[in-house]
Amino acid sequence: MKTFLALCGLCLLLPLAQAQQLKLRILETTDLHMHLLGWDYYQDKPAEDFGLDRTATLIQAARAEAKNTLLFDNGDLLQGSPLGDYMAKVKPPQAGQVHPAYKVMNALRYDAANIGNHEFNYGLPFLRRALPGAAFPYVNANIVVDDGTQPAEAAKNVFTPYVILDRRLTDEAGDVHPLKVGVIGFVPPQVMLWDRQHLQGRVRALDIPATARRLVPRMKAEGADVVIVIAHSGFERGETVFFAENTVARLAEVPGVNAVLFGHSHGEFPGRFFGNHPKVNLAAGTINGVPATMPGFWGSHLGVIDLVLRKDGAGWTAVDGRAELRPIYDRAARKAAVAPDPLVAELIRAEHEGTLAYVRAEVARSTLPIQSYFAQVADDPSVQVVSHAQLAYARKALAGTPHAALPLLSAAAPFKTGGRGGANYYTDIPAGPI
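Here the structure is a predicted model, which is why all the values come from computation and not from measurement.

Definitions and limits used
Residues numbered from 1 in each chain as written. Predicted model: local features only at pLDDT ≥ 70, side-chain atom pairs only at ≥ 80, totals over all residues. Heavy atoms only, no water. Core = buried A, V, L, I, M, F, W, Y, C linked by side-chain atoms within 4.5 Å. Buried < 20%, exposed > 50% of the residue type's maximum accessible area, 1.4 Å probe, protein only. Helix = DSSP H or I, 4+ residues; strand = E, 2+ residues; numbered from the N terminus. Pairing = 2+ DSSP bridges. Lys, Arg positive; Asp, Glu negative; His and termini not counted. Salt bridge = Lys/Arg side-chain N within 4 Å of Asp/Glu carboxyl O. Contact = heavy atoms within 4.5 Å. Expected span 1.5 Å × (residues − 1). Phe/Tyr/Trp six-rings, centres within 6.5 Å; stacked < 30°, edge-to-face > 60°.

1. As for the nonpolar core
Phase 1 of the analysis: Tyr102, Phe120 and Tyr138 are the most contacted members of the largest nonpolar core, which has 51 residues in total.
Phase 2 of the analysis: Residue assignment for this core shows that the elements contributing at least two residues are α2 (52-64), α3 (82-90), α4 (100-107), α5 (124-130), β10 (203-205) and β17 (301-312).
Phase 3 of the analysis: No other element matches α2, which puts five residues into this core.
Phase 4 of the analysis: In this structure, Met219, Ala224, Val248 and Phe274 belong to the second largest nonpolar core, which totals 29 residues.

2. Here's the deal with the pairing of strand β9 (residues 176-186)
Phase 1 of the analysis: Counting buried residues along β9, eight of its 11 residues qualify, which places the element largely inside the surrounding structure.
Phase 2 of the analysis: In terms of strand pairing, strand β8 (residues 162-170) meets β9 through nine bridges, oriented antiparallel. Paired with Val163 across the strands is Val183, a residue of β9.
Phase 3 of the analysis: Relative to strand β11 (residues 226-231), β9 runs parallel, the two being bridged by six bridges. For Val181, the partnering residue across the bridge sits in β11 and is Val226.

3. Quick look at the side chain of Asp380
Phase 1 of the analysis: Relative to the elements of secondary structure, Asp380 occurs in the loop between β22 (370-371) and α12 (381-398).
Phase 2 of the analysis: Although Asp380 lies buried, it forms no salt bridge, and the closest oppositely charged side chain, Lys416, sits 12 Å away as judged by the N-O distance.
Phase 3 of the analysis: Once residues lying within four places of it in the same chain are set aside, the contact partners of Asp380 are Gln371, Ser372, Tyr373, Phe374 and Ala375.

4. Here we look at α12
The α-helix advances 3.6 residues per turn, and as a result positions three or four apart in sequence lie on the same side.
Phase 1 of the analysis: Between the first and last C-alpha of α12 there are 25 Å, a value that for 18 residues agrees with the 26 Å anticipated at 1.5 Å per step.
Phase 2 of the analysis: Among all positions of α12, only Ser382, Val383, Ser387 and Leu391 are buried.
Phase 3 of the analysis: In this fold, the buried residues of α12 make contact with β22.
Phase 4 of the analysis: Gly400 occupies a position one or two residues after α12 and carries a positive phi of about 80 degrees.

5. Remarks on the environment of Pro92
Phase 1 of the analysis: Turning to its location among the elements, Pro92 is positioned in the loop between α3 and α4.
Phase 2 of the analysis: Of the residues examined, Pro92 reaches a relative accessible area of 21% and is grouped as partly exposed.
Phase 3 of the analysis: The sequence separation of Pro92 and Arg129 amounts to 37 residues, and the corresponding C-alpha distance is 9.2 Å.
Phase 4 of the analysis: When residues no more than four places from it in sequence are discounted, the contact partners of Pro92 are Tyr86, Met87, Gln97 and Arg129.

6. As for the packing of aromatic side chains
Phase 1 of the analysis: Across all of its chains, the model carries 19 aromatic pairs by this definition.
Phase 2 of the analysis: For the ring pair Phe262 and Phe269, a centre distance of 5.7 Å and an interplane angle of 50 degrees mean the geometry is tilted.
Phase 3 of the analysis: On the accessibility criterion, Phe262 (0% relative accessible area) is buried.
Phase 4 of the analysis: Assessed through its relative accessible area of 0%, Phe269 is described here as buried.
Phase 5 of the analysis: Each ring, one from Phe415 and one from Tyr425, has its centre 6.0 Å from the other, and the planes form 70 degrees; the classification is edge-to-face. In this pair, Phe415 sits in the loop between α12 and β23 (428-429) while Tyr425 sits in the loop between α12 and β23, placing the two residues 10 residues apart along the sequence.
Phase 6 of the analysis: Grouping aromatic residues by their ring pairs yields a cluster made of Phe50, Phe297, Trp298, Phe415 and Tyr425.

7. Comments concerning the pattern of salt bridges
Phase 1 of the analysis: Inspection of the entire model under this criterion finds 15 salt bridges.
Phase 2 of the analysis: The closest approach of N and O atoms between Arg360 and Asp44, which form a salt bridge, is 2.7 Å. Of this pair, Arg360 sits in helix α11 (residues 349-360) while Asp44 sits in the loop between β2 (39-40) and β3 (45-46), and the two are 316 residues apart along the sequence.
Phase 3 of the analysis: Of the residues examined, Arg360 reaches a relative accessible area of 52% and is grouped as exposed.
Phase 4 of the analysis: With a closest N to O distance of 3.0 Å, Asp111 and Arg167 form a salt bridge. Within this pair, whereas Asp111 is found in the loop between α4 and β5 (112-114), its partner Arg167 is found in strand β8, the two being separated by 56 residues in sequence.
Phase 5 of the analysis: Overall, the relative accessible area of 12% leaves Asp111 in the buried class.
Phase 6 of the analysis: On the basis of relative accessible area, Arg167 is assigned to the partly exposed category, the value being 27%.
Phase 7 of the analysis: Via salt bridges that share partners, Arg25, Glu65, Asp306, Glu324 and Arg326 belong to a single interconnected network.

As structure tokens, then:
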């Protein structure tokens with residue numbers, strides 16, 4: 001009889017326990033660089049190891065496994081492939097037209113996104129024309145208007161610094177609860193150097209951790225149950241200087257932060273490369289106890305964070321969290337791990353075909369092959385042609401000036417030479433039409 005009563009009591013308490021707990025899955029993409037499709041525009045052939053069309057398949061699968069999901073992008077989206085250049089310089093979207101990146105992301109139902117440093121490469125006017133096509137909010141907290149305001153922290157933000165998303169989540173018992181999710185974004189302050197021709201005199205950058213320490217308490221005061229930091233910033237080792245480029249370890253130490261989505265350095269976290277970093281638990285995918293993901297680049301991985309929330313008065317508190325990466329490509333087997341979602345190709349068919357026509361058009365002829373396989377160790381035609389082009393441009397620019405007669409030197413660095421880009425990341429152009 002006592003056993004029966006105990007079981008009855010347990011059955012009565014189980015729904016109550018389930019109602020006191022919510023599970024939230026957070027998904028991240030980063031550094032897509034306009035690789036919306038698995039297509040190598042340089043070699044003009046399909047590719048299996050990158051492309052948002054395959055990441056989209058992982059997104060759908062991850063959503064099917066969880067009752068409550070949110071999807072975010074961490075920037076460096078609009079630049080980085082011939083498709084990006086085509087849309088920025090050859091056929092930019094006109095008023096009312098949606099950039100192809102946002103055609104895809106709107107269809108995938110992104111909840112919010114952060115601005116990366118490469119978003120500024122085409123200038124502020126292009127960025128301001130493109131962003132309204134996103135059917136989800138963009139955040140950035142550390143770029144402010146350069147209007148002379150002192151201190152700089154008092155200046156007006158150029159973009160929305162953070163948002164608090166009102167969502168309704170379902171608990172394990174099937175009941176629905178409101179949840180306020182705060183989302184804040186950051187970009188490296190070094191963007192002021194990298195794109196100074198576009199930004200100098202127009203905007204200023206603030207330190208990332210200092211801005212987070214100032215604004216996260218404000219987000220909590222405004223009712224955020226959960227705070228997600230989307231930082232287009234890498235993971236530094238050791239102490240961090242003021243205005244540092246890579247600040248993720250410091251962000252994970254800011255009180256009130258429940259998840260960190262990062263990127264910028266094209267790495268993979270959780271991943272063995274970060275095993276010796278302080279305060280990292282690779283098994284749980286946490287930094288200083290905060291779950292975090294950095295899902296590679298070009299859609300190579302999907303970041304997945306699972307948070308457990310517990311009822312705390314009128315709101316909710318994160319009490320546990322784990323993170324993992326899911327790849328689109330099986331490196332051991334050297335084959336795709338998932339098939340592409342055909343919807344992506346359908347949505348941007350016109351832009352893809354326009355880019356193919358653009359890159360297939362002949363612009364010159366070469367009498368010798370142009371390759372970069374040994375550019376790191378020897379004189380190389382892929383570097384030389386860039387150096388000669390720089391000299392030709394500089395001579396034209398200096399013509400008719402007092403400096404026209406000065407000797408010119410040109411420095412060029414090898415670019416596509418394997419490394420983190422993988423075994424296919426080389427320049428290999430045969431002799432003949434380019």
